[in-house]
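Tertiary structure, described
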Amino acid sequence: MRLEKLLPAEGESSTRWMLHISSDMLNIWRSDFLSNIATESSSKIRHLQQDFYTLEFSSTVNSRELLQTVFPRWICPVSHQWPTSPHADNFVEKAAQGLLRKFGAAWGRAEIIATTAKLKRVVVGLKGRLLQLKTETNRLNLEDSDSRLPSAEDHESILAVLVDERGLFAGLVHNKLNLGSALSGGLGFLSQNNNEKAQERPQFPSRAGGKIREVLALLDELNFTASHFQNWLELGAAPGGMTQQLLDWGARVTAVDLAEMSTKVLKNPKVRHLKIHAQELESAAGFDALLCDMNGPYPLAAQYVANLARTMASGSLMIFTLKLADMNEARNAIQQVSKLFAGSHTSVICTKHLFHNRQEVTIVAERD
């Protein structure tokens, strides 16, 4: 199976957007990446709460362009806004009815997100009521012979709703890459405080494990499974946070690192530890995917990946963490790595600053 599904579709065009972006990276994003797509359209950004923002342009901007700016974790056009307090009487009922009037009931599913933990209960109630109204509406439509049945395209759309102390923002998304880690299976990354899952696996996920978990959640959303990428080569694997996530996903892992691996990870029969330096590897033939989270200068790490990519089969997956001492160099570094990969017949599919990324971005690529 090829990775074209990860490529941004033509997507939505809008003058108003809501997005999630690290506040630490906001100025870099605005001054460099965003300025390249807004040369003929002035932009105005408004901070909501935590790392949530609304963005308005003087002319329409396509989601493909916004996705290429790397730093937004997720984006969605705003086509419905209700500026009221979510603590007001009957907010849940009025909000659900308003969303149904605006968007109907033909969308596939709803992703409703709160900007603060205090609003979590409001969000849970709103989603429950909205789904109840959707079910009732669809049932009535089916009973009405003159009503149009929702098309398959309708069911692939996602209704994204953001609830903030300033009000409600909503829009439809047709490309799952827009929402990234905010999709089901990745909502925990918004708060990074999933205590139940932490109790189930007290040692994992580490921050490193969180990065690959986000990528795997997106692959799951796009119907890729461990059956498509069974055999992984991991460079810079120790102590094993990413390795554990790959094992949980169902993959086999050859972990390459001079450092020691976690004894818990090594107990798994699907793990093989090669205690060597990555540069000693001459081939990655037979592996379906390559994961690199190595420390040190990124040009060297990228060169190791590019060399090994040449030996891999068409359709193989590459996930590379581009680690930077200065994030102001992000644009040049991404272009440099992309050019290096292209020389190894490997195409960059998407580049994202994940919830668990710090001074780094994650590059997903595919062997041509």
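Residues numbered from 1 in each chain as written. Predicted model: local features only at pLDDT ≥ 70, side-chain atom pairs only at ≥ 80, totals over all residues. Heavy atoms only, no water.

Comments concerning the side chain of Glu 234
Mapped onto the elements of the fold, Glu 234 is located in strand β9 (residues 231-235). Here Glu 234 sits buried without a salt bridge, and the closest side chain of opposite charge, Lys 211, lies 9.6 Å off (N-O distance). Looking at Glu 234, its side chain comes within polar contact range of the side chain of Thr 243, at 2.6 Å. Excluding residues that lie within four positions of it along the chain, Glu 234 makes contacts with Met 242, Thr 243, Leu 246, Val 253, Thr 254, Ala 255, Val 256 and Leu 291. (Helix = DSSP H or I, 4+ residues; strand = E, 2+ residues; numbered from the N terminus. Buried < 20%, exposed > 50% of the residue type's maximum accessible area, 1.4 Å probe, protein only. Lys, Arg positive; Asp, Glu negative; His and termini not counted. Salt bridge = Lys/Arg side-chain N within 4 Å of Asp/Glu carboxyl O. Polar contact = N/O pair within 3.5 Å; in protein donor to acceptor, adjacent residues only side chain to side chain. Contact = heavy atoms within 4.5 Å.)

Description of the packing of helix α1 (residues 26-37) against helix α12 (residues 330-342)
In a pair of packed helices, the angle between the axes and the distance between the axes together describe the arrangement. Two numbers describe how α1 lies on α12: the axes approach to 10 Å, and their chain directions differ by 65°. With respect to α12, the element α1 is oriented roughly perpendicular. On α12, the residues touching Asp 32, Phe 33 and Asn 36 of α1 are Ala 330, Arg 331 and Ile 334. Residues belonging to the contact of α1 with α12 are distributed by class as follows: three nonpolar, one polar and two charged. (Axes fitted to C-alpha atoms, helices over the stretch in contact; angles between N-to-C directions. Parallel < 35°, antiparallel > 145°, perpendicular 65-115°, else oblique. Nonpolar A, V, L, I, M, F, W, Y, C, P; charged D, E, K, R; others polar.)

Some thoughts on helix α11 (residues 298-309)
The terminal C-alpha atoms of α11, which comprises 12 residues, lie 16 Å apart, in line with the 16 Å expected from a rise of 1.5 Å per residue. Every buried residue belonging to α11 is among Tyr 298, Ala 301, Ala 302, Tyr 304, Val 305, Ala 306, Leu 308 and Ala 309, and all of these are buried. Looking at the buried side of α11, the elements it contacts are β9, β12 (289-292), β13 (317-323), α12, β14 (346-352) and β15 (360-367). (Expected span 1.5 Å × (residues − 1).)

Focus: unusual backbone geometry
Geometrically, the link from Ala 238 to Pro 239 is a cis peptide bond, its omega value of 5° lying close to zero. Assignment of secondary structure puts Pro 239 in the loop between β9 and α9 (241-249). Residue Val 70 is not a glycine yet carries a positive backbone phi of 70°. On the secondary structure map, Val 70 appears in the loop between α2 (63-67) and β4 (74-77). The buried category is assigned to Val 70, whose relative accessible area is 4%. In this structure, Asn 90 takes a positive phi of about 60° despite not being glycine. Looking at where Asn 90 falls in the secondary structure, it is placed in the loop between β5 (80-82) and α3 (91-103). A relative accessible area of 55% places Asn 90 in the exposed class.

Regarding the sheet that holds β5
Pairing within the open sheet is mixed, and its four strands lie in the order β5-β8-β7-β6. The open sheet terminates on both sides in strands that have one partner only, identified here as β5 and β6 (109-114). Neighbour to neighbour, the strand axes of the sheet diverge by 15° on average, direction disregarded. As paired strands, β5 and strand β8 (residues 167-173) are joined by three bridges and run antiparallel to one another. Following the sheet pairing, Gln 81 is matched in β8 by Phe 169. (Pairing = 2+ DSSP bridges.)

Details of the sheet that holds β15
What the seven strands build is an open sheet, ordered β11-β10-β9-β12-β13-β15-β14; its pairing is mixed. Each of the sheet's edge strands pairs with one partner strand only, and the pair in question is β11 (271-274) and β14. On average, each strand axis in the sheet is tilted by 20° relative to the strand beside it, whichever way the strands run. With four bridges connecting them, β12 and β13 associate as parallel partners. Residue pairing in the sheet places Cys 292 in a bridge with Phe 320 of β13. Against the sheet, helix α8 (residues 207-221) contacts β9, β12, β13 and β15, and its axis sits at roughly 140° relative to β13.

Re the pattern of salt bridges
Per the counting criterion, the structure on display carries eight salt bridges. Arg 129 is the salt-bridge partner of Glu 93, the closest N and O atoms lying 2.7 Å from each other. Here the residue Glu 93 occupies a position in helix α3, and Arg 129 occupies one in helix α4 (residues 120-143), the gap between them amounting to 36 residues. For Glu 93, a relative accessible area of 29% translates into the label partly exposed. Close ionic contact of Lys 211 with Glu 360 constitutes a salt bridge, the shortest N to O distance being 3.0 Å. Residue Lys 211 is located in helix α8, and its partner Glu 360 is located in strand β15; the two are separated by 149 residues in the primary sequence. Residues Lys 211 and Glu 360 agree in their burial class; the two are buried. Salt bridges sharing partners connect three or more residues here, namely Arg 207, Lys 211, Asp 293, Lys 323 and Glu 360.

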